[in-house]
Structure formats: C-alpha cells, structure tokens
Amino acid sequence: MSQLRIGVLGAARIVPTALVKPAGHVPEVTVAAIAARDPQRARAFAAKHGIATVHGTYEQLLADPSIDAVYNPLPNALHAPWTLKALAAGKHVLCEKPLTCNAAQAREVAAAAVASGLVVMEAFHYRYHPLAARMREICDSGELGAIQSISVSMCFPLPKFGDIRYSCPLGGGAMMDAGCYAVDCLRFLGDGRPEVTAARAKLRGPDIDRAMRADLRFPDGTTGRVTASMWSRRALDISARVVGERGELRVLNFVAPQAYHRLTVKTDSVSRNERVRGEHTYTYQLRAFAEAVLREGPVPTSAEDAIVTMSVIDDIYRAAGMRLRGGS
C-alpha cells in the first residue's frame, strides 16, 4: 500500500481542520469518502471539500473495500462503538479524543486493535508537534532539577449549553472534552501513572461538569494538578507549568502552537523564551497516522495509552462524586 484512502464518519465541524486541510499537505493521504446521518449534508460537505464518494450510511462506508482507514469525529459516546465496528471491518482508525468514554471501553478497543493488527490512533494532535517534544526534552534534561510539580490547564468558554459537549448520554463534560487534553499532557510530562488524590467539579446539571479541578501524585512523589473548564471564571487558560528544584518551565497554548505559543524557562534568576516553529498540529498528526499504517511507524497516542488516560479520568469523576461517562 502506497496511498492511504480515508473515509469519514460524519460531517462534523472539526473535519476540515483535522483532516481535509492536512491531507492537502500529506500526499500519501486521500480523503476518499464520507457518510453522515443526513445524506444531504454529506453530499453538500463532499461537494465543498472535493470528496469523491458519499455513502448513505456509516455501515456502507465501512463495507467499502476501497477505504483503508476511517476518521471518527462522532460524539464521544460513539467513539468506541464505531471504532470497534471499523476494526471489525478491517479499517485502521484515527479517532477524535477522548478515544472512549471510560477505561473499560478503552481496554475493549485496545484488545480489538491488537487482535486485528490494525492501527488505532487517538487524536491528541498536539503530541505530534515539535513543541511537545521540546517540552519533554527540557523536563528530561536535568535543567530544572528534580521535578516537584506539574500543572496543566485546559479552559475555554463554551456558553452554548445545548451543545453536545454538555450532554452526559453523549459522553460530555468539561473533564471529557477539555480535561482529557490536560490529563494527557500531565501524563506526557510526568513519569508513570498518576494517582488521583482529590477532585472537585462545578456542575451545569446533575451529571455534567462545566469545570473540574483534580490533584494527583506520581509514583516518584511529583504532584500534579489538572484544571478543565468549559464555563467558569477562568475563561481562557491553555497552559502547562513544570516546577523543579532549580527552575520552572511554562508553556502557553501547547494545544495549537502554530497559532501562537510561548515557552519560558526560568532557572537561577535567568529567564529565556523559546519559539518552536512547525506546521499545523493536525498535519503532523495525519503524517504520523499515514506513517503508522503504511510503514508501521510509532503511535504515541495508541489505544493502549488511552487506557491509562481514561483510567485517570474515571478516577477523577469518582473522586468528584460523579458517575463515569458511558456507565453507571
């Protein structure tokens, strides 16, 4: 296989940014087909974005022998079911984050991926940008000394309370939509699986967190904190901070660094700023997905890795006295 033909499940708003535009920069990838619940919307989307084939149902798209992989941008509650169906149909999967609604589902998807020999990549796109590698490099270099604490915030205003991200049956909530980024980044910068020590939610309804803060501890004693919000006093804060014995690292906008970011290192009263240039995060992600499928390249955001992220998110919901997404 020298060309990767991808089919899209649903005409979600994220598809042009996350897949269609990046495909224009990755010659090995073709966005070849789409299916949506509303066939008319699928046809309009395909015409606008130059997608050759429109299928009437998701099942028909999965049955198309010319499709090698699927992109799954459906609501959170549909990530696991349709990823499993795609794997059963012999398709590789690039799935929007979070990969599943809880750890049990993540284990099921990971097992299916192993059994099928197919690639499943969770779309934490920021992890594929050079900025993420530079953040980890600084933490590992010893420049900051022994790491003492890591805090990550993912807060943005979403006052559209009818949005699916406020729907518990669809796997919504601030910790699911925004917090999964914060948990993933915390894990990426720390070592080992962090234990949740406390969590507190601000609620939009009985089962929906509009904001969440959680405290954690890594096996080596490093403390962690994640803050997530879709509606709170902290309107906009997308940042990471790592504090060591000899200094600290601060990064502003680690999620979309191609738009703007600031990386600052302070040690012994000396401060420096760095700019890590690069392409769009989604371009790096799509290139890595193609590399994994076509040439067995590495998949840092694998289904196996998602098991740990979702286990931490499950524990945060439990510590906050809330029920898990996708379960009781």
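Scroll up to find the structure.
I will try to describe carefully the structure that is included in this document. (Residues numbered from 1 in each chain as written. Predicted model: local features only at pLDDT ≥ 70, side-chain atom pairs only at ≥ 80, totals over all residues. Heavy atoms only, no water.)

1. Let's talk about the overall build of the protein chain
The condition that has to hold: Here a helix means four or more residues in a row that DSSP labels H or I, a strand means two or more in a row labelled E, and each is numbered from the N terminus. Here, residues are in contact when the closest pair of their heavy atoms is within 4.5 Å. Methods summary: accessible areas were calculated by the Shrake-Rupley approach with a probe of 1.4 Å, and residue burial reflects only the protein chains presented. Asp and Glu are treated as the negative residues and Lys and Arg as the positive ones, with His and the ends of the chain left uncounted. By convention, charge coordinates are those of NZ in Lys, CZ in Arg, CG in Asp, or CD in Glu.
What the protein chain contains, in helices and strands, is 10 helices and 14 strands. If one aligns the C-alpha atoms of the protein chain with their principal axes, the spans along those axes are about 60 × 45 × 35 Å. In the protein chain, 69% of the contacts between residues at least 6 apart in sequence involve partners at least 24 apart. Accessible surface computed for the protein chain: about 13900 Å², of which carbon and sulfur atoms make up 51%. Here the protein chain contributes 40 positive and 32 negative side-chain charges, whose respective centroids are spaced 8 Å apart.

2. Focus on the pattern of salt bridges
The line we're drawing: A carboxyl oxygen of Asp or Glu within 4 Å of a side-chain nitrogen of Lys or Arg is what we treat as a salt bridge.
One pass over the full model with this rule turns up 22 salt bridges. The partner of Arg 323 in a salt bridge is Asp 207, with the nearest N and O atoms 3.5 Å apart. Here Asp 207 lies in the loop between β8 (195-205) and β9 (208-217) and Arg 323 lies in the segment after α10 (303-319), a separation of 116 residues in the sequence. Linking Asp 315 and Arg 318 is a salt bridge whose minimum nitrogen-to-oxygen distance equals 2.8 Å.

3. A look at the nonpolar core
As a rule of thumb, nonpolar side chains are buried together in soluble globular proteins. Selection rule: For our purposes a nonpolar core is just a set of buried Ala, Val, Leu, Ile, Met, Phe, Trp, Tyr and Cys residues, chained together by side-chain atoms within 4.5 Å. Burial classification: accessible surface area is computed with a 1.4 Å probe over protein chains only, and a residue below 20% of its type maximum counts as buried, one above 50% as exposed, and the rest as partly exposed.
By size, the foremost hydrophobic cluster in this structure holds 116 residues, and its most contacted members are Met 135, Leu 249, Phe 254 and Ile 316. Once residues within four sequence positions are removed from consideration, Met 135 is found in contact with Cys 185, Leu 189, Ala 240, Leu 249, Val 251, Phe 254 and Leu 263.

4. Some words on unusual backbone geometry
The omega torsion of the bond from Lys 97 to Pro 98 falls at -15°, within 30 degrees of zero and hence cis. Secondary-structure assignment places Pro 98 in the loop between β5 (92-95) and α5 (103-116). Of note, the phi angle at Asn 253 is positive, near 60°, even though the residue is not glycine. For Asn 253, the location among the structural elements is in the loop between β12 (247-252) and β13 (262-267). A positive phi angle, close to 60°, is found at Glu 296, a residue other than glycine.

5. Here we look at the packing of aromatic side chains
Rule in force here: Ring pairs are drawn from Phe, Tyr and Trp, using the six-membered ring of Trp, whenever the two centres fall within 6.5 Å, and their geometry is named by plane angle: stacked under 30 degrees, edge-to-face over 60, tilted for the rest. In our convention, an over-ring charge means Lys NZ or Arg CZ found within 6 Å of a ring centre and within 35 degrees of that ring's normal.
Scanning the model with the defined rule gives 7 aromatic pairs in all. Taken together, a centroid distance of 5.3 Å and an interplanar angle of 75° make the contact between Tyr 126 and Phe 254 edge-to-face. Of this pair, Tyr 126 sits in the loop between β6 (120-122) and α6 (130-140) while Phe 254 sits in the loop between β12 and β13, placing them 128 residues apart in sequence. Grouping residues by exposure puts Tyr 126 and Phe 254 together as buried. Linked through ring pairs, Phe 124, Tyr 126, Tyr 181 and Phe 254 together constitute an aromatic cluster. The side chain of Arg 204 reaches across the aromatic face of Phe 161, ending 3.6 Å from its centre. Here the guanidinium or amino end of Arg 325 rests over the ring plane of Tyr 317, the centre of that ring lying 4.5 Å away.

6. Quick look at a positive patch on the surface
The criterion, for reference: Two joining distances apply to patches: 9 Å for like charges and 5 Å for nonpolar side chains (Val, Leu, Ile, Met, Phe, Trp, Tyr), and every residue must have over 30% relative accessible area and no salt bridge.
On the surface, Arg 200, Lys 202, Arg 213 and Arg 233 cluster together into a patch of positive charge. Position of Lys 202 relative to the elements: it lies in strand β8.

7. Here we look at the packing of α5 against α10
The line we're drawing: Fitting a line to C-alpha atoms yields each axis, with helices limited to the stretch in contact; the angle taken between N-to-C directions then spans 0 to 180 degrees. For classification purposes, an angle smaller than 35 degrees is called roughly parallel, one larger than 145 roughly antiparallel, one from 65 to 115 roughly perpendicular, and anything else oblique. When residues are grouped by polarity, Ala, Val, Leu, Ile, Met, Phe, Trp, Tyr, Cys and Pro land in nonpolar, Asp, Glu, Lys and Arg in charged, and all others, Gly among them, in polar.
As a packed pair, α5 and α10 sit with axes 8 Å apart at the nearest point and diverge in direction by 175°. Classified by the interaxial angle, the pair formed by α5 and α10 is roughly antiparallel. Counting all contacts with α5, which are made through Ala 103, Ala 106, Arg 107, Val 109, Ala 110 and Val 114, the residues of α10 involved are Ala 303, Glu 304, Ala 306, Ile 307, Met 310, Ser 311 and Asp 314. Tallied by class, the residues present in the contact of α5 with α10 amount to 9 nonpolar, 1 polar and 3 charged.

8. Section: α5
Under the convention used in this document: Here a helix's expected span is defined as the number of its residues, less one, multiplied by 1.5 Å. Two N or O atoms count as a polar contact when they lie within 3.5 Å, although within protein this holds only if one can serve as hydrogen donor and the other as acceptor, and sequence-adjacent residues are included solely when both atoms are side-chain atoms.
In a regular helix each residue adds 1.5 Å, so 14 residues correspond to 20 Å; α5 covers 20 Å between its end C-alpha atoms and thus fits that length. Its buried side turned inward, α5 meets α4 (79-88), β6 and α10. Where α5 begins, the side chain of Asn 102 points an oxygen toward the backbone nitrogen of Ala 104, at a separation of 3.2 Å. Just downstream of α5, Gly 117 is the residue with a positive phi angle, here 75°.

9. Quick notes on the pairing of strand β10 (residues 223-229)
Just so we agree on the cut-off: Here the rule is simple: two strands pair whenever DSSP picks up at least two bridges between them.
Of all 7 residues that make up β10, 5 are buried, and the element is covered over most of its length. When β9 meets β10, the two strands line up antiparallel, connected through 7 bridges. Residue pairing across strands places Ala 211 opposite Ser 229, the latter belonging to β10. Hairpin connection from β9 to β10: 5 residues lie between these consecutive antiparallel strands, with Gly 221 at a positive phi of about 100°.

10. Some points on the packing of α6 against helix α8 (residues 179-189)
Here α6 crosses α8 at 45°, and the two axes come no closer than 9 Å. When the axes of α6 and α8 are compared, the pair comes out oblique. Facing α6, whose interface residues are Ala 132, Ala 133, Met 135, Arg 136 and Cys 139, α8 presents Cys 185, Phe 188 and Leu 189. Here the contact of α6 with α8 is built from residues that sort into 7 nonpolar, no polar and 1 charged.

Purely geometric stuff here, so don't read any function into it on its own.
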